[in-house]
Amino acid sequence: MLFHSKFLPFTFVVAAFSTGSTIWAQVPENTDTIIVEEDYSLYDNVEYTEEGARRFCSPKIEGLSPAKLISIGYDYQMGYNMSADTLNSIQTGPGSFNLTAQDAQVLSSHGMRIGFNIPVIAKTNLVWQLGANYWEQRYNFADPASLENPMLKTLSAYGLKTAGLSTTLFKPLNDKYFLLFQGSADYSGNYTLKDMMPLNYLKYSAALIYGKRPSELKQWGVGLARTYRVGEINYIPVVLYNSTDTRNKWGTEILFPARAHVRRTINSRNMLFAGFELEGQSYRMWNTSSVDAFQMRDDELEIRRGEIRLRMVYEFSLKEFIWLSIQGGYRINYRFDMDRLINGEENYRAFGLIDQPGYVMINNLTNPLYFNISINLVSP
Amino acid sequence: MQTKYLTNKHIPMKKLSFILVFSFIATLFWSFAPTNTGGDRLIGVWEPSNGRARVKIEKIGAKYYGKIVWIKEPIDPVTKKPKTDKNNPDPDLQKVPLMGYRMLKDFTYKGNDEWADGTIYDALNGSTYSCVIKMTNENTLNIRGYIGVSVLGRTDVWKRLAIKK
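First things first, this report covers the structure right here in the doc. (Residues numbered from 1 in each chain as written. Chains lettered and ligands numbered in written order. Predicted model: local features only at pLDDT ≥ 70, side-chain atom pairs only at ≥ 80, totals over all residues. Heavy atoms only, no water.)

1. A short note on the overall build of chain B
The cut-off we apply is this: Secondary structure elements are defined from DSSP: runs of H or I of at least 4 residues count as helices, runs of E of at least 2 residues count as strands, and each element is numbered from the N terminus. The contact criterion used is simple: two residues touch if any of their non-hydrogen atoms lie within 4.5 Å. Exposure was quantified through the Shrake-Rupley algorithm and a 1.4 Å probe, taking into account, for residues, occlusion by the shown protein chains and nothing else.
The number of helices and strands found in chain B is one helix and eight strands. In chain B, the order of α-helices and β-strands from amino to carboxyl end is α-β-β-β-β-β-β-β-β. Across chain B, the fraction of contacts at a sequence separation of at least 24, relative to all contacts at a separation of at least 6, is 38%. For chain B, the accessible area works out to roughly 9200 Å², and carbon and sulfur atoms hold 60% of it.

2. Observations concerning the pairing of strand β1 (residues 44–47) of chain B
Residues and elements named next belong to chain B. This is how it is decided: Burial classes: relative accessible area under 20% of the type maximum marks a residue as buried, over 50% as exposed, and values in between as partly exposed (1.4 Å probe, protein chains only). DSSP bridges decide pairing: two strands pair if at least two such bridges lie between them.
With burial as the criterion, each face of β1 is covered, one bearing Gly44 and Trp46 and the other bearing Val45 and Glu47. Sheet topology note: the β1/strand β2 (residues 53–60) ladder contains three bridges and is antiparallel. Residue pairing for β2: Trp46 is matched across the bridge by Val55. Joining the antiparallel neighbours β1 and β2 is a turn of five residues, in which Gly51 adopts a positive phi near 70°. Two strands pair when backbone bridges link them, and β1 and strand β8 (residues 149–163) are joined in this way by three bridges, in the antiparallel orientation. Looking across to β8, one finds that Trp46 is bridged to Arg160.

3. Some thoughts on the packing of aromatic side chains
Spelled out, the test is: Two rings from Phe, Tyr or Trp (for Trp, the six-membered ring) form a pair when their centres are within 6.5 Å of each other. A pair whose planes differ by under 30 degrees is stacked, one over 60 is edge-to-face, and the rest are tilted.
As enumerated under the stated definition, the model contains ten aromatic pairs over all chains in all. For the ring pair Tyr177(A) and Tyr210(A), a centre distance of 5.8 Å and an interplane angle of 10° mean the geometry is stacked. Of this pair, Tyr177(A) sits in strand β7 (residues 177–189) while Tyr210(A) sits in strand β8 (residues 203–215); the two residues are 33 residues apart in sequence, bridging distant segments of the chain. Ring geometry for Phe321(A) versus Tyr129(B): centroids 4.7 Å apart, planes at 25°, classification stacked. Taken as a pair, Phe321(A) in the loop between β14 (301–319) and β15 (322–340) and Tyr129(B) in strand β6 (residues 127–137) lie in two separate chains rather than in one.

4. Section: the pattern of salt bridges
All names here are of chain A. So the rule is basically this: What makes a salt bridge here is a side-chain nitrogen of Lys or Arg within 4 Å of a carboxyl oxygen of Asp or Glu, nothing more.
This model, assessed by the stated rule, comprises 38 salt bridges over all chains. Salt-bridge contacts for Arg305 lead to Glu307; the nearest nitrogen and oxygen are separated by 3.2 Å. By relative accessible area, which is 3% here, Arg305 ends up buried. A salt bridge links Arg331 to Glu307, with the nearest nitrogen and oxygen atoms 3.7 Å apart. Taken together, the positions of Arg331 in strand β15 and Glu307 in strand β14 put the pair 24 residues apart, joining distant regions of the chain. Residue classification places Arg331 among the buried residues on the basis of a relative accessible area of 0%. Within the structure, one salt-bridge network assembled from shared partners comprises Lys203, Glu232, Arg284, Glu300, Glu302, Arg304, Arg335, Asp337, Asp339, Glu346 and Arg349.

5. Quick word on the pairing of β6(B)
Residues and elements named next belong to chain B. Where strand β5 (residues 114–122) meets β6, seven bridges bridge the pair, whose relative direction is antiparallel. Opposite Trp115, over in β6, you have Ile133 as the bridge partner. Counted between consecutive antiparallel strands, the loop separating β5 from β6 contains four residues, among which Gly126 sits at a positive phi close to 70°. Bridge count for β6 against strand β7 (residues 140–147) is seven bridges, and the pairing is antiparallel. Of the residues in β7, the one forming a bridge with Ile133 is Ile143.

6. Some words on unusual backbone geometry
In this model, Phe256(A) is joined to Pro257(A) through a cis peptide bond whose omega is 5°. Considering the arrangement of structural elements, one finds Pro257(A) in the loop between β11 (250–256) and β12 (259–267). Phi at Asp113(B) takes a positive value of approximately 60°, unusual for a residue other than glycine. Position of Asp113(B) among the secondary structure elements: in the loop between β4 (102–111) and β5. Residue Asp117(B) is not a glycine yet carries a positive backbone phi of 65°. Counting through the fold element by element, Asp117(B) comes out in strand β5. Residue Asp117(B) is classed as exposed on the basis of its relative accessible area of 52%.

7. Re the nonpolar core
Rule in force here: Nonpolar cores were defined as sets of buried Ala, Val, Leu, Ile, Met, Phe, Trp, Tyr and Cys residues, with membership established by side-chain atoms within 4.5 Å.
Counting 33 residues, the largest nonpolar core has Ile57(B), Met103(B), Leu104(B), Ile120(B), Ile133(B), Leu141(B) and Trp158(B) as its most contacted members. Of all the elements, β6(B) adds the most residues to this core, at four residues. Beyond its immediate chain neighbours, meaning those up to four positions away, Met103(B) contacts Val55(B), Gly66(B), Lys67(B), Ile68(B), Thr119(B), Ile120(B), Tyr121(B) and Trp158(B). By size, the runner-up hydrophobic cluster in this structure holds 22 residues, among which are Ala84(A), Met151(A), Leu160(A) and Tyr283(A).

Take a look at the structure:
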């Protein structure tokens, strides 16, 4: 026996104090459910322990579709007709143009769409994300050998590509108001890996929005954007309006005029959208390595592509954080015209209010159905 | 070989009393002294950046758990009853009340102000994410939920709360 019996009670007290905090903190093994009753009203009236700590509004509201960290998709437009204009331009370099206008049947245009969006800083008072994307559009003509118009020939040979970097900054000003900045630099054209363009052909877009988040179910904002979504450079007002009804069945996800959707939430892992997206970019006609009679480098030509996609989108969780997005709709051509830059200067036309200088090719596209499928890793 | 048992006959009673009293005082000091250098600094009530809930972090055994103890809008606007975990993919758990729900689980202290190996549950979408907690100062936590690797995640900043007196 280690201690005399008269010390036993004392020994127990020592032992109890030694392990006391553990004994008193024990709760049942099941850690999913709290069995111990607690007076939760204790936590109604609290304060920050840190002096000067403030609340800031969140970049999201309840019920929004999840943000996509990684997206790998495929876009497919069904057949349509492309009428290519003559090229009203002055050739200053070597080679000769075939100026013939030509109608061609596009059996399909399609391509991969890959995107990444990674949070870099996520503080209460600042959220910063970086993104990268690569989109391609390949043109499958009915009779490629018969193509004579230089634009049709280069589309058939190289298609159009966009590789871009983007950044998003969310800066809450307090628990209600915020600033949202989005910027991107896009490298768009008919280049190939073997024939890359100089980086000074990057196109820069940006938007700044001042917004309010009056509740967990609504946020709105107004701002200004510099954008190529209609193909050419424009400066436009933008409106943000995201909302969810109290039952979390219906909502809106709107960044007008870029996109606007009504959302029907079947449950938190199944969502249906109806709306539109305005999609476009300005593509430098660069690659001429194997397409004769279209020496575009000296003429600084760009295709201004803008289209409206009326669509239905169904997004759902395949498994946990892996979501599938399926969309189908009608692609309405807004513009697919060729512009000639003079000394690299952009032509600002303010949605046609300024009509000079004119386009060097005015092309017409009929409107097909389109489909898009993507698999996505969504953000926590 | 004969085993020798230690009995009180081998220790003078005066010395034994001194040892016990010293042990008692030392144990008392150990029990009540603030433990502000180890993992227990995580224990307390915290508020996520969205302010929608308050979470009480406790220690159970050697691990840390956090349960929801306050909800900004506790009543479900549809059922007019206290909110439940209705977005849980397991139908059996969809009626479990959110109040008291253990949303942080199984964290162990790794040193260097970091608690890891745990999970965080997002009741808004019914998803559970891997999670690591970093204490940037005594009153601020960076809670990073992620999928697979830390870079595929999102960090939320939580602030420590104290009950007003």
